[in-house]
There are 2 protein chains.
Amino acid sequence: MQNDRIRNLAFQKKVMSEDVAASFIQHADTVGMGGFGPGGSPKALPRAIAARAEKFHQKDEPFTIRLLTGASTSPGLDGVLARAKAISCRLPYQGDIDLRAQANLGEVAYVDTHLSRVAPWARAGFYGKMNVAIIEAALIKEDGGIVATAAIGNAQTWLDLADKVIIEVNSWCPTDLEGVHDIWRGPEGSLPNISSPGQRTGDHLLRVSPDKVVAVVKTNERDLNAIFRSVPDAVAIAGHIIEFFRHEVAYNRLPSVLPPLQSGVGNIANAVMEALADAPFNDLTAYTEVIQDGMLDMVQSGKMRAVSGAALYLSHDRATRINDDFARVKNKLVIRPQEISNNPAIARRLNCIAMNAAIEADIYGNVNSTRVMGSLVQNGIGGSGDFARSALISMFMLPSTAKGGLISSIVPMTSHVDHINQDVQILVTEQGLADLRGLAARQRAKVIIETCAHPDFRPLLRDYYDRAEKAGGDTPHLLGEALSWHKCFVETGTMRQ
Amino acid sequence: MQNDRIRNLAFQKKVMSEDVAASFIQHADTVGMGGFGPGGSPKALPRAIAARAEKFHQKDEPFTIRLLTGASTSPGLDGVLARAKAISCRLPYQGDIDLRAQANLGEVAYVDTHLSRVAPWARAGFYGKMNVAIIEAALIKEDGGIVATAAIGNAQTWLDLADKVIIEVNSWCPTDLEGVHDIWRGPEGSLPNISSPGQRTGDHLLRVSPDKVVAVVKTNERDLNAIFRSVPDAVAIAGHIIEFFRHEVAYNRLPSVLPPLQSGVGNIANAVMEALADAPFNDLTAYTEVIQDGMLDMVQSGKMRAVSGAALYLSHDRATRINDDFARVKNKLVIRPQEISNNPAIARRLNCIAMNAAIEADIYGNVNSTRVMGSLVQNGIGGSGDFARSALISMFMLPSTAKGGLISSIVPMTSHVDHINQDVQILVTEQGLADLRGLAARQRAKVIIETCAHPDFRPLLRDYYDRAEKAGGDTPHLLGEALSWHKCFVETGTMRQ
C-alpha cells in the first residue's frame with residue numbers, strides 16, 4: 001500500500017527509518033527543509049534529528065545545524081529542534097515560541113530575510129554549501145518526479161543545491177495534490193510570463209537526481225495547522241478596507257474587478273477575507289504568499305476565480321476538508337516556489353493590492369512589523385517587503401492599541417522599521433483608514449493621528465507632533481522623546497504616562 | 001535656423017515667448033516638468049512662471065503650483081520657483097538648497113517617493129489631474145515626434161496625462177541626440193523584455209497629440225551641470241569595493257564580467273567609477289538611474305560596453321565634450337523613462353550590483369540616506385530603494401565620520417530609516433567593507449563596529465552594544481540611549497561626549 005506512493009525503484013531502495021536517515025545529518029551541517037508555514041513541513045526527520053542532537057549533547061559533544069526553510073514551519077519542526085538546542089542559525093523566517101526565545105537570547109543566529117530572495121541568494125552561494133535537503137512528498141512517480149504536499153517554498157532549490165536528499169513520503173496527504181503545484185525553472189534572473197494568478201508555466205513535479213537521494217522515510221501524519229480567532233478590531237478593520245475598495249472603484253482608481261490580492265496571515269487577514277466574501281466584488285483573484293481558509297472558501301464558492309501562493313496555510317478543520325476536494329479546485333489553485341509566488345516583479349506586473357499586518361506604525365507612516373519594543377523579534381519580515389514595495393497599493397493593518405489598551409500602536413517613532421513610509425499607502429486601524437497617497441510627512445502625521453490613533457492617545461500624539469513641528473524639519477522629531485513611549489512601557493508596563 | 005528645430009507646422013504655429021506661454025499656468029495647477037537632475041530640465045518656463053507668481057504675490061494674490069518632475073532638477077528650475085514661493089507641493093525628489101529649506105520649514109509639502117513608482121501612480125490617478133506638462137526638446141520632427149534632450153524621466157507620462165503641453169526647444173543641445181532615447185510604451189503593468197543594459201525596445205521619440213500643445217518656446221541654454229570633487233575618503237571606499245569585486249570573482253560568486261552596475265551620484269560614486277576604470281574588469285555595463293562622467297568616460301574608452309539610465313548627470317566640462325560625440329557613442333548609450341531605467345523587476349532580472357550613498361548607518365545595518373538628525377530632509381530616497389531591494393548585491397557607501405569628525409556616521413540606531421538591513425548586503429566606509437550576507441543582527445553589529453566605524457567611536461559603540469546585548473533581544477537596543485548620540489549633536493554640536 002505504501003509503495004503505491006513510491007513508484008520508482010531507485011527511491012524504493014532507499015526506504016529506511018527516520019532514525020537511520022537522521023544519521024546522514026552531521027554537526028554543523030547546513031540543512032534545507034521544505035515546507036512553508038505548517039504546510040509541507042517535514043515531520044519525522046526533525047524529531048529524529050532532535051533525538052540525535054540530544055544524544056550528542058548528553059555526551060557533551062556539539063550538535064547543531066544551520067537550518068534554512070521556506071518560511072515559518074510548525075512546532076513539530078522548529079519547536080522540536082529548538083527545544084533540543086539543535087539549531088545554530090536559522091533563515092529566513094520563524095514563528096515558533098521556543099525558537100523565538102532562543103533568537104532573542106542570542107543563542108540562535110536568526111537571519112531575517114525577504115522570502116523571495118532566499119533561493120536566488122542561496123544559488124549565488126551567499127549562504128555557503130548546503131549539505132542536506134529534507135522534503136515532504138505526497139507521491140514519488142514512476143519517473144522519479146515528486147508530487148509535493150501543501151507547500152513548495154524553496155523545496156526545488158534545496159533539492160538542486162544539497163549534496164544529499166531525504167524525502168518523507170506522507171500518506172496522510174492525498175495523491176490528488178498532483179497538478180496543484182507549478183514549479184517554474186528557467187535561467188537565473190529570468191521569470192515566467194505570468195499575466196494572471198491562475199496561470200501555470202512550469203512543471204507540476206519537483207525534480208531531483210536519484211543519485212543524491214540517501215533516504216526515503218514513510219510517514220502518515222497531518223500538518224499542525226493554525227488556529228484563527230475572530231476578533232472585534234479585525235472586523236472593524238476589514239469594514240474600512242471594503243469601504244475603501246468601493247470608494248476607489250467609484251472614483252475609477254480601481255477596476256470593478258479588483259486586482260489580485262496579497263494578504264498576510266492572521267486574525268485580521270482572515271477577517272478581511274470573510275468581509276470580502278460578503279462584499280459586492282466578484283471574480284476575485286489572489287497572488288499571495290500563503291493561501292488561507294477564507295481564500296479557499298471563496299475559491300470553492302466561486303467568488304474567487306484563482307489563487308496563487310507558495311503554500312496552503314489553513315486551520316485544522318479547513319485542512320481536513322480540502323483533502324477531499326483537491327481534484328475539484330486544483331484548476332483554480334496554484335502552489336509555486338516562493339521566489340515566484342512572492343516575486344516583486346510579478347506582483348508589480350499584476351498590480352497587486354498588498355495587505356499586511358503591523359505591530360506599530362509611527363505618525364509618518366513608517367511600519368514596524370517584526371520587533372517588539374525595538375529589540376525583541378516576534379516573527380520576521382517574511383514576504384511583506386516583497387509585496388509592499390511592488391504592489392499598486394500597499395496597506396498595513398493593526399489594532400490602534402495592544403495589551404488591553406496599555407500600548408498605543410501609533411507612536412511618535414517606531415522602535416524598528418520594516419516598511420518605510422514610501423511603501424505604506426494605506427494605514428488602517430479599527431479607528432479608521434488613512435489614505436497617505438500623495439501626502440508629505442507633516443500631512444501624513446495629521447491624518448494618521450486623527451484617523452488611526454486611539455482617541456485616548458490622540459492628545460499625546462498631537463502634543464508630540466506640535467512641539468516637534470516647532471523644532472522644524474520636513475519630518476519633525478524630538479530626539480529625546482521619540483522613543484520615550486516605548487521606554488515608558490518597558491519600565492512601567494504601560495504607555496499611559 | 002531655429003525652425004530647423006521645429007519641423008512640424010502645427011508646432012511652428014504655437015511658437016511664442018516664455019512670458020506669454022507662462023500665462024497658461026494658473027494658481028493651484030499641477031504641473032509636470034521634464035528633466036531628471038539638471039539634464040533636460042526646462043529653463044525658460046520656470047523663470048517665467050516664477051515672474052508670474054511674483055506678480056500675483058505683489059498683488060497679495062495666491063500663486064503656487066504643485067510641481068511633479070523626474071527627480072531633482074537644477075537651481076534654474078527648483079531654485080528659481082522656490083525663491084518666488086511658487087511651489088506648494090513637490091514630488092518626487094529634490095536637491096535644491098532653497099527648496100529644501102522650504103520643505104524643512106513645512107512651507108512646501110515635499111512628497112519623497114520611489115522614482116520608479118511616480119509615473120504608474122500618476123497614471124492610476126493617485127496624484128489627481130495634471131494640468132500642464134513642460135518638456136525640453138532638441139528637435140521636433142516633421143511628424144511631430146519629439147527628440148528629448150539629456151533626460152527622459154517622466155516626460156512621456158506627463159505628455160500623456162496633461163491637458164496642456166508646453167515645449168521648450170533648446171538649440172544648445174545637439175540634434176545628434178536623436179536615437180539616444182528609448183521610450184518604451186506598453187499595456188499598464190507590462191515591461192519590455194530587457195536582457196542587457198544596451199537593449200532598445202521602444203520608440204526613440206516622445207509623442208504628444210499636437211492638439212494639446214499650447215506653446216512652443218525657443219531657448220539656447222546649457223544645463224546647469226554639477227561639480228564633483230575628489231575626496232580622500234571616497235578613494236579609500238572605492239578601493240575597498242574593487243577589492244571586494246576581485247574577491248567575489250575569485251570565489252565564483254560573481255562572474256568575471258561583472259553584472260550591470262547601478263550607481264548613485266556624487267563624490268563617492270564618481271570615485272568608484274574612476275577606480276573601476278583602472279581595475280582589471282572589462283566589458284562593464286551599467287543599468288542605472290543617471291549616467292555620470294565616469295561611466296561616459298568608460299563608454300568612450302571602450303571599457304564599458306553599454307550604459308542605460310533615465311538621464312545624463314554630468315559635470316560642466318563633460319557635458320560640453322559629449323555634445324560633440326553623441327553620434328559616436330549613442331549605440332552604447334540608452335536614455336529611458338525612469339519607470340524603466342529604475343524598474344526593480346529589470347534590475348532583478350539583470351542581477352544588478354547597486355551602489356548607493358548613505359548619511360548614516362546603524363550597528364545592525366539599517367541605513368538613513370535622507371534625513372539629517374531624523375528631522376531635516378537632505379534630498380530624498382530617489383531611486384535608491386528601487387535598486388537596493390532588487391539588486392543581486394546592494395552596497396551602501398559613506399565616510400565613517402562627518403563634520404570634521406564630530407559626527408559618527410555609524411550610530412547605535414539611525415534617526416530615520418530609508419533602507420532596512422535586509423536591503424543592505426554590503427556596508428563600506430573608508431575604514432573597511434562589512435559583508436553582511438547571511439549574518440544575524442548581533443553578528444552584523446560586531447562586524448559593522450569593528451570594520452566600518454571610525455576607531456575614535458568604536459569604544460562607545462562597543463559599550464552601547466554590550467550593554468544592549470545584556471538587556472536582550474535579537475536586535476538589542478537601549479531605548480533611552482538609542483538616539484542619544486544624535487540628541488547630543490543637536491544640543492552640543494558634537495557626538496563626542
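Keep in mind the model is a prediction, meaning the values are calculated, not measured.

Quick notes on the domain arrangement of chain A
Residue and element names in this part refer to chain A. Partitioning chain A into domains gives domain 1 (9-219) and domain 2 (232-492). Using only C-alpha atoms to locate each centre, domain 1 and domain 2 end up separated by 29 Å. Contacts between domain 1 and domain 2 engage 49 residues on the former and 45 residues on the latter. Carbon and sulfur atoms supply 56% of the area that domain 1 and domain 2 bury against each other, a total of about 3700 Å² over both sides. It is Phe36, Ile194 and Pro197 in domain 1 that bury the most area against domain 2; as a group they hold 18% of the surface buried on that side.

Describing the relation of the copies chain B and chain A
Under the fitted operation, chain B is carried onto chain A by 0.0 Å of movement along the axis and a turn of 180°, and the coordinates agree to an RMSD of 0.0 Å. The transformation relating the two chain copies, once decomposed into turn and shift, fits a two-fold axis. No C-alpha of chain B lies nearer the rotation axis than that of Ala345(B), which sits 2.2 Å from it.

Here we look at the pairing of strand β3 (residues 87-91) of chain B
When a strand is regular, its side chains alternate between the sheet's two faces. Residues and elements named next belong to chain B. In terms of residue burial, β3 counts as a mostly covered element, since four of its five residues are buried. Sheet analysis places strand β2 (residues 65-68) next to β3, joined by four bridges and oriented parallel. Each bridged residue has a counterpart across the sheet, and for Leu67 the counterpart in β3 is Arg90. Note on the crossover from β2 through helix α4 (residues 75-83) to β3: the handedness is right-handed. Pairing between β3 and strand β4 (residues 109-110): two bridges, direction parallel. Bridge pairing in β4 links Cys89 to Ala109. Taken together, β3, helix α5 (residues 97-105) and β4 constitute a β-α-β crossover, and its handedness is right-handed.

Observations concerning the sheet that holds strand β23 (residues 410-411) of chain B
Taken together, the three strands give an open sheet; going across it, the order is β17-β16-β23 (chain B), and neighbouring strands pair in mixed fashion. Every interior strand has two partners, whereas the edge strands, β17 (367-368) and β23 of chain B, have only one.

What counts, and where the lines are drawn
Residues numbered from 1 in each chain as written. Chains lettered and ligands numbered in written order. Predicted model: local features only at pLDDT ≥ 70, side-chain atom pairs only at ≥ 80, totals over all residues. Heavy atoms only, no water. Domains from an automatic or database assignment. Contact = heavy atoms within 4.5 Å. Buried area = accessible area lost by both parts, 1.4 Å probe. Least-squares fit on C-alpha atoms with pLDDT ≥ 70 in both. Buried < 20%, exposed > 50% of the residue type's maximum accessible area, 1.4 Å probe, protein only. Helix = DSSP H or I, 4+ residues; strand = E, 2+ residues; numbered from the N terminus. Pairing = 2+ DSSP bridges. Right-handed = clockwise from strand over helix to strand, strands pointing away.

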